[in-house]
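# Summary of structural features
Residue-level listing of the chains:
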Amino acid sequence: RSRIALSLSGGTTGDVAAGRAEVLFSYHVNPYARRGVTPYVFGGGAVLATSADHREYVVLGAGVETTPGGRWGLFVEGGVGGGLRIAGGLRIRRR
């Protein structure tokens, strides 16, 4: 019922290069469903770092996922953590 995810991203903040790392734990209501949509909640921490500074954030949110027990599924999620976060995409799982 739970998952852990690590994500790394890079970009710029103003004229300075920046990177963000997140560690998120999620709880899925029905992680083995082969059909339909199931909700989940997530929380964790994030660090935003530039060459001049770094900031830590608590990340909290919720989302829905299609076919979480299948080999692939779509997801949409929203939350907060250093600002508003909205994400959607395709998850591919290896078994």
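Residues numbered from 1 in each chain as written. Predicted model: local features only at pLDDT ≥ 70, side-chain atom pairs only at ≥ 80, totals over all residues. Heavy atoms only, no water.

## Section: the overall build of the protein
- Of the regular secondary structure elements, the protein holds zero helices and six strands.
- Of the regular secondary structure in the protein, the N- to C-terminal order runs β-β-β-β-β-β.
- In terms of overall dimensions, the protein has a C-alpha envelope of 45 × 20 × 20 Å along the principal axes.
- When the 95 residues of the protein are sorted by exposure, 28% land in the buried category. (Helix = DSSP H or I, 4+ residues; strand = E, 2+ residues; numbered from the N terminus. Buried < 20%, exposed > 50% of the residue type's maximum accessible area, 1.4 Å probe, protein only.)

## Comments concerning the sheet that holds strand E2 (residues 16-28)
- With antiparallel pairing, the six strands of this open sheet are ordered in space as E1-E2-E3-E4-E5-E6. Of all the strands in the sheet, the pair left with one neighbour each is strand E1 (2-13) and strand E6 (84-92). Between one strand and the next, the sheet's axes are offset by a mean angle of 25 degrees, whatever the strand orientation.
- Pairing of strand E4 (residues 54-66) with strand E5 (residues 72-80), which is carried by six bridges, proceeds in the antiparallel orientation. (Pairing = 2+ DSSP bridges. Axes fitted to C-alpha atoms, helices over the stretch in contact; angles between N-to-C directions.)

## Let's talk about the nonpolar core
- Ranked by size, the top nonpolar core spans six residues in total: Leu-24, Tyr-40, Phe-42, Ala-46, Val-59 and Phe-75.
- Counting residues per element, this core draws most heavily on strand E3 (residues 37-50), at three residues. (Core = buried A, V, L, I, M, F, W, Y, C linked by side-chain atoms within 4.5 Å.)

## Topic: the packing of aromatic side chains
- Per the stated rule, a full pass over the model turns up one aromatic pair.
- Ring centres 6.3 Å apart and planes at 40 degrees place the aromatic pair Tyr-40 and Phe-42 in the tilted group. Note on accessibility: Tyr-40 and Phe-42 belong to one class, buried.
- The ring of Phe-75 has Arg-91 sitting right over it, with the charged end atom 4.2 Å from the ring centre. (Phe/Tyr/Trp six-rings, centres within 6.5 Å; stacked < 30°, edge-to-face > 60°. Lys NZ or Arg CZ within 6 Å of the ring centre and 35° of its normal.)

## With respect to a nonpolar patch on the surface
- Residues Ile-4, Leu-6, Leu-8, Val-23 and Phe-25 make up a contiguous nonpolar surface patch of roughly 560 Å² in combined accessible area.
- Mapped by element, the contributors of at least two residues to the nonpolar patch are E1 and E2.
- Judged by its relative accessible area of 67%, Leu-8 is exposed. (Patch = residues over 30% accessible without salt bridge, like charges linked within 9 Å, V, L, I, M, F, W, Y side chains within 5 Å. Areas by Shrake-Rupley, 256 points an atom, 1.4 Å probe, with all protein chains shown as cover. Salt bridge = Lys/Arg side-chain N within 4 Å of Asp/Glu carboxyl O.)

## As for the side chain of His-28
- With respect to the helices, strands and loops of the structure, His-28 is situated in strand E2.
- Among the residues examined, His-28 registers a relative accessible area of 1% and is labelled buried.
- If sequence neighbours within four positions are ignored, His-28 has contacts with Arg-1, Arg-3, Pro-39, Tyr-40 and Glu-65. (Contact = heavy atoms within 4.5 Å.)

## Focus on the side chain of Arg-93
- In this structure, Arg-93 sits in the segment after E6.
- From its side chain, Arg-93 meets the backbone oxygen of Pro-68 in a polar contact 3.3 Å long.
- Discounting chain neighbours no more than four positions away, the residues touching Arg-93 are Arg-3, Glu-65, Thr-67, Pro-68, Gly-70, Arg-71, Trp-72 and Gly-73. (Polar contact = N/O pair within 3.5 Å; in protein donor to acceptor, adjacent residues only side chain to side chain.)

Function cannot be read off these values alone, since they describe shape.
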